[in-house]
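Okay, here's what each chain looks like letter by letter:
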Amino acid sequence: MRLKLTPLIFGGMALGIATGVGVHLWAGGDSGAAAQIADYLQLPADVFLRLIKMIVAPLVFATLVAGIAHMGDATSLGRMGARAMGWFVTAGIVSLSLGLLFVNAFAPGEALHLVRTGDPGDMAGKALSFRQFVLHIFPESVVQAMAENQILQIVVFSLFVGVALAAAGERGKPLLAVVEATAELMMTITGYVMRAAPLAVFGAIAATVATQGAGILLTFGALIGEFYVALAALCLVLLGAGAAFLGGGLAPLLRHVREPLLLAFSTASSEAAYPRLMEALDRAGVPRRVYGFVLPLGYSFNLDGSMMYATFAAIFIAQAYGVDLPVATQITMLLVLMVTSKGIAGVSRASLVVVAATLAQFDLPVEGVALLLAIDHFMDMGRTTTNVLGNAIATAVVARWETGEAPRPLIAESGRL
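Residues numbered from 1 in each chain as written. Predicted model: local features only at pLDDT ≥ 70, side-chain atom pairs only at ≥ 80, totals over all residues. Heavy atoms only, no water.

Here we take up the overall build of the chain. Helices and strands together make up the secondary structure of the chain, namely 19 helices and 0 strands. A burial count over the chain gives 53% of its 417 residues as buried. Considering only residue pairs separated by 6 or more positions, the chain has 86% of its internal contacts joining residues 24 or more positions apart. Surface summary for the chain: the accessible area is close to 17,700 Å², and the carbon and sulfur share equals 66%. (Helix = DSSP H or I, 4+ residues; strand = E, 2+ residues; numbered from the N terminus. Buried < 20%, exposed > 50% of the residue type's maximum accessible area, 1.4 Å probe, protein only. Contact = heavy atoms within 4.5 Å. Areas by Shrake-Rupley, 256 points an atom, 1.4 Å probe, with all protein chains shown as cover.)

Given below as structure tokens:
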């Protein structure tokens, strides 16, 4: 029997909000006391995320190597990779363009009338150059890549191992059996770790509300609401594209991925949702050789919500400081973000760093990023959920292209948690 996490996670969210409000009221104006209690409330979430980080690297490696080895030839691998990257690039352009459209339509920053100080503070970041990006793809040490959960570097190493195992033929079968057993083992461990998800959700929500107070949602309510409207439009576009390619297979897919989506929203962590998303895609009938390859790739290149946020945030800050950006400059910024956003995955608060780097390139007030710090967690919840949804649909569509038919949900769930 699978553990039904959805109602437990909803319960954790509700209890977390209530607890956070209670702590914030009890602390009154004493921010130090609220922060001290929030540290302990955050502990379950921090432990949970550490456990997730513990299993991500071996899970990605084992499933990806097994999937590639079963493809049999490099032609299939190249075809799947080209299809996946084609989808990722198209989705990225759509995400950035929608962000640009909505932030100009809503103009959420125009009412602030801020004055530039010229002091970027600690948020000033360096742009990720194309050379640095290319070098970052290839690991110097696979041990270091796994220790730091550098997904893209793990993907590169797994490609070499999987192709080599396929080329080894009969001689590689014993090692392939070990890799497949490792993948099953990590799936089982994932089930154990996920039992702690509701407690982690409670801690993350309670800690944030305890320090910021529920009023933070009202103070920046317009900006948060407008951003979520833009995310909703992006999700509709992604769902429409999914329906066009999957037909009737989209609804079963969404039923299976609802738990990973809820987990992503409540923890604001794509990593937290990754193992559960793999299980959900497996149950939805997506072949392991497909999701084992496309999903880790998507976590590096297909961050639809994060890319929309980068555009939305950069233009919002320009509006807040009264900087008028011509359409040509905004389009140039969009193209820059197409490259710099690829460094988002696996870095704490990386979206803010990417925004800061982009602002610096266009001589915009980098100190404006501080405006977003207080509400970044709440916006991160939405953009992370959109990232997970986009990768689920992309993986299912690539599976459709590879197999010629929409994924069919499995009748039996193999007793997985």
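Past the structure itself, the notes keep going.
The next point concerns unusual backbone geometry. The phi dihedral of Ala107 falls on the positive side, at around 45°, and the residue is not glycine. Within the secondary structure, Ala107 sits in the loop between helix 3 (74–106) and helix 4 (130–137). Owing to a relative accessible area of 17%, Ala107 belongs among the buried residues under this scheme.

Here we come to the side chain of His256. Take His256: it is sitting in helix 11 (residues 250–256). For His256, a relative accessible area of 15% gives the class buried. A polar side-chain atom of His256 sits 2.8 Å from the main-chain carbonyl oxygen of Pro252. (Polar contact = N/O pair within 3.5 Å; in protein donor to acceptor, adjacent residues only side chain to side chain.)

So, about the packing of helix 14 (residues 288–301) against helix 19 (residues 376–403). Two numbers describe how helix 14 lies on helix 19: the axes approach to 9 Å, and their chain directions differ by 140°. Between helix 14 and helix 19, the interaxial angle falls into the category oblique. As helix 14 packs across helix 19, the resulting crossing turns out to be right-handed. Contacts between helix 14 and helix 19 involve Arg289, Val290, Tyr291, Val294, Leu295, Gly298 and Tyr299 from the former and Val388, Asn391, Thr395, Val398, Ala399, Glu402 and Thr403 from the latter. Looking at the contact of helix 14 with helix 19, its residues break down into 8 nonpolar, 4 polar and 2 charged. (Axes fitted to C-alpha atoms, helices over the stretch in contact; angles between N-to-C directions. Parallel < 35°, antiparallel > 145°, perpendicular 65-115°, else oblique. Left-handed = near helix turned anticlockwise from the far one by under 90°. Nonpolar A, V, L, I, M, F, W, Y, C, P; charged D, E, K, R; others polar.)

Our focus in this paragraph is helix 13 (residues 270–283). Taking 1.5 Å as the rise per residue, helix 13 with 14 residues should run 20 Å; its terminal C-alpha atoms sit 19 Å apart, in good agreement. The sharpest bend along helix 13 comes to roughly 30°, located at Arg276. Of all 14 residues making up helix 13, 14 are buried, and the element is well covered by its neighbours. Just downstream of helix 13 lies Gly285, where phi reads positive at about 95°. (Expected span 1.5 Å × (residues − 1). Bend = angle between axes of the 7 residues up to and from the residue.)

Let's shift gears to helix 14. Its 14 residues give helix 14 an end-to-end C-alpha distance of 20 Å, which sits within 8% of 20 Å, the value for a rise of 1.5 Å per residue. Counting buried positions over the 14 residues of helix 14 gives 12, a clear majority of the element. Val290, Tyr291, Gly292, Phe293, Val294, Leu295, Pro296, Leu297, Gly298, Tyr299, Ser300 and Phe301 are the residues of helix 14 that are buried.

Looking at the secondary structure, you find Thr311 in helix 15 (residues 304–320). A relative accessible area of 1% places Thr311 in the buried class. Within the structure, the side chain of Thr311 is placed 3.2 Å from the backbone oxygen of Met307, a separation counted as a polar contact. Sequence-distant contacts of Thr311, that is, excluding residues within four places in its chain, are made with Leu96, Gly99, Leu100 and Leu337.

Tallied over the full model, the rule gives 9 aromatic pairs. Considering the side-chain rings of Trp87 and Trp401, the 6.1 Å spacing of their centres and the 65° angle between planes classify their relative orientation as edge-to-face. With a gap of 314 residues between them, Trp87 in helix 3 and Trp401 in helix 19 connect regions that are remote in the sequence. The exposure class assigned to Trp401 is partly exposed, which follows from its relative accessible area of 29%. Relative to Tyr309, the ring of Phe227 has its centre 5.5 Å away and its plane inclined at 75°; by these criteria the two rings are edge-to-face. Here the residue Phe227 occupies a position in helix 10 (residues 221–246), and Tyr309 occupies one in helix 15, the gap between them amounting to 82 residues. For the pair Phe227 and Tyr309, one class covers both residues: buried. Here Arg383 stacks its cationic end above the ring of Tyr309, 4.0 Å away from the centre of that ring. (Phe/Tyr/Trp six-rings, centres within 6.5 Å; stacked < 30°, edge-to-face > 60°. Lys NZ or Arg CZ within 6 Å of the ring centre and 35° of its normal.)

Applying the stated criterion across every chain, the model contains 8 salt bridges. A salt bridge links Glu402 to Arg79; the shortest N-O distance between them is 3.0 Å. Taken together, the residues span a long stretch of sequence, with Glu402 in helix 19 and Arg79 in helix 3 at a distance of 323 residues. The class for Glu402 is buried, based on a relative accessible area of 13%. In this structure Arg79 comes out as partly exposed when scored by relative accessible area, which is 35%. Of the charged contacts in the structure, one is a salt bridge between Glu279 and Arg276, with a shortest N-O distance of 3.3 Å. Taken together, the residues span about one helical turn, with Glu279 and Arg276 both in helix 13 at a distance of 3 residues. The same class applies to Glu279 as to Arg276, namely buried. Salt bridges here are not isolated pairs; linked through shared partners, they connect Arg79, Arg83, Arg289 and Glu402. (Salt bridge = Lys/Arg side-chain N within 4 Å of Asp/Glu carboxyl O.)

All we've got here are geometric facts, nothing functional implied.
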